[in-house]
Amino acid sequence: MTAEQLDHAWEFTDDRGVTARGGGRPPRIVAYTRAGAALDAYGVRPVAVYGSGHDSAAAPEPATSGALDFAAVGYLGPGAALDERALRAADPDLLVDVTYDGTAPYAVDEGLAAAAGVPVAALSVSGGVTLEHVVGRFGALAAALGADGTHAVRGAAPGTAAAGTATDPDGEWAAARQELRNLAASAARAPRVLVLSPAGPDQVHVARPDAWPELSHLAGLGLDLLRPGPSASANWLTTPWDGALALGDDIELVLSDVRGHATQPAELADLPAWRRLTASAAVLPWNPELPPAPAVCAAFLRDVAAALRRP
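Residues numbered from 1 in each chain as written. Predicted model: local features only at pLDDT ≥ 70, side-chain atom pairs only at ≥ 80, totals over all residues. Heavy atoms only, no water.

Novice: Is there a simple way to explain the overall build of the protein in this structure?
Specialist: Looking only at helices and strands, the protein features 11 helices and 13 strands. In terms of overall size, the protein behaves like a compact globule, its C-alpha atoms giving a radius of gyration of 20 Å where 311 residues would be expected to give roughly 19 Å. Considering only C-alpha atoms, the protein reaches an extent of 60 × 45 × 35 Å along its principal axes. A buried classification covers 50% of the 311 residues belonging to the protein. Put simply, of all contacts in the protein between residues at least 6 apart along the chain, 73% involve residues at least 24 apart. When the accessible area of the protein is evaluated, it comes to approximately 13200 Å², of which 53% is carbon and sulfur surface. Looking at charge distribution, the protein has the averaged site of its 22 positive side-chain charges lying 3 Å from that of its 36 negative ones. (Helix = DSSP H or I, 4+ residues; strand = E, 2+ residues; numbered from the N terminus. Rg over C-alpha atoms; globule rule 2.2 N^0.38 Å. Buried < 20%, exposed > 50% of the residue type's maximum accessible area, 1.4 Å probe, protein only. Contact = heavy atoms within 4.5 Å. Areas by Shrake-Rupley, 256 points an atom, 1.4 Å probe, with all protein chains shown as cover. Lys, Arg positive; Asp, Glu negative; His and termini not counted. Charge placed at Lys NZ, Arg CZ, Asp CG, Glu CD.)

Novice: Whenever I open this one, the packing of helix H6 (residues 131-144) against helix H8 (residues 213-220) confuses me. Can you help?
Specialist: Packed helices, taken two at a time, are described by the angle their axes make and the gap between the axes. At their nearest, the axes of H6 and H8 sit 8 Å apart, and the two run at 130 degrees to each other. The angle between H6 and H8 falls in the class oblique. Residue-level inspection shows Leu 131, Glu 132 and Val 134 of H6 in contact with H8, the latter providing Pro 213, Glu 214 and His 217. (Axes fitted to C-alpha atoms, helices over the stretch in contact; angles between N-to-C directions. Parallel < 35°, antiparallel > 145°, perpendicular 65-115°, else oblique.)

Novice: Just to check I follow, could you spell out the pairing of strand E3 (residues 29-32) for this structure?
Specialist: Regular strands place their side chains on alternate faces of the sheet. Direction of pairing for E3 relative to strand E6 (residues 94-99): parallel, over a ladder of 3 bridges. Residue pairing across strands places Ile 29 opposite Leu 94, the latter belonging to E6. In the sheet, E3 pairs with strand E4 (residues 48-51) via 3 bridges, with the strands oriented parallel. Each bridged residue has a counterpart across the sheet, and for Val 30 the counterpart in E4 is Ala 48. For the crossover that starts at E3, traverses helix H2 (residues 33-41) and ends in the parallel E4, the hand is right-handed. (Pairing = 2+ DSSP bridges. Right-handed = clockwise from strand over helix to strand, strands pointing away.)

Novice: Just to check I follow, could you spell out the nonpolar core for this structure?
Specialist: Grouped burial of nonpolar side chains is what soluble globular proteins tend to show. By size, the foremost hydrophobic cluster in this structure holds 71 residues, and its most contacted members are Phe 138, Leu 180, Leu 218 and Leu 255. When residues of this core are assigned to their parent elements, the largest contribution, 8 residues, is made by helix H11 (residues 294-309). With near-sequence residues (within four places) excluded, Leu 255 lies in contact with Val 193, Leu 194, Val 195, Leu 196, Leu 215, Leu 218, Leu 284, Trp 286 and Phe 300. Leu 194, Leu 196, Leu 245 and Ala 281 belong to the second largest nonpolar core, which has 16 residues in total. (Core = buried A, V, L, I, M, F, W, Y, C linked by side-chain atoms within 4.5 Å.)

Novice: When you look at the pattern of salt bridges in this model, what are you seeing that I'm missing?
Specialist: Following the criterion strictly, the structure yields 15 salt bridges and no others. Asp 249 serves as the salt-bridge partner of Arg 192, at 3.9 Å between the closest nitrogen and oxygen. Here Arg 192 is found in strand E8 (residues 192-198), whereas its partner Asp 249 is found in the loop between helix H9 (241-245) and strand E12 (253-257), with 57 residues between them in sequence. Relative accessible area serves as the criterion here: at 18%, Arg 192 is assigned to the buried category. The class of Asp 249 is exposed, set by a relative accessible area of 51%. A network of salt bridges, in which partner residues are shared, links Asp 14, Arg 16 and Glu 110. (Salt bridge = Lys/Arg side-chain N within 4 Å of Asp/Glu carboxyl O.)

Novice: When you look at the environment of Leu 94 in this model, what are you seeing that I'm missing?
Specialist: Within the secondary structure, Leu 94 is located in strand E6. Note: C-alpha distance between Leu 94 and Ile 29 (65 residues apart in sequence) is 5.2 Å. If we skip the residues at most four places from it in the chain, Leu 94 touches Trp 10, Ala 20, Arg 28, Ile 29, Val 30, Val 118, Pro 119, Val 120, Ala 121 and Leu 145.

Everything listed here is a matter of coordinates, which is why it stays silent on function.
The structure is reproduced here in structure tokens:
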């Protein structure tokens, strides 16, 4: 960071229309793990992160943590358990969270932040926005906080800068998009994809693709994501396993929730419904809380393409 950036005040208006500002030093950031991982990929390392209600007090959720180095970044436990004393001890200038409803931060109590005198920036990750929007907003926040937007984000492949854009500085994500688009277009029919968060042997949560920006992104590239019927949840249809089987056959790919609170494929190996679903389909871990950074998105698309190419 340059001397000019060190002295320059920062300001950012989040996706709720709330403006946070500060200045005089590089801002100290405490963030929800997913948001902190995205900022870290852009070169803005948080001093500490907190988890969601699914996460343990002892350790962060690996799926949402990206490439965060927990030798350098503290973990404060689940946001719901965060107290004012612990927050003040971290001495943040800004809390960064995500929002699914455009109104409230997802993982932290905004009243707690207000009591500690810390502003909150919450960026939308709902199904109402595109993945490009989500990534772009995190890039904009990182730039406002002092990241140098001209350099490659951490983890991006070098050597492709000529293809870069503000939200994809190395052109890596664009190349992965084109690869998957070409693969879908060359298939006899659009590859069929079922997205699940298994919840034991008796039931499964089937994702609504339109509720998740990264799943809508896959659909926009030509994949056929199976859509469950109506229910009270905007994100999932919770059903016995037979309900998932009834959504369709000839499935080429099953995306299965990789987070720790979901039942993992190894635990389902003896479940007849799971064996039927995956008899002719590839199974790929899916992270519903993908850290929104270009290199991470590119890796996800490459993994989908590789799974669809399997014999």
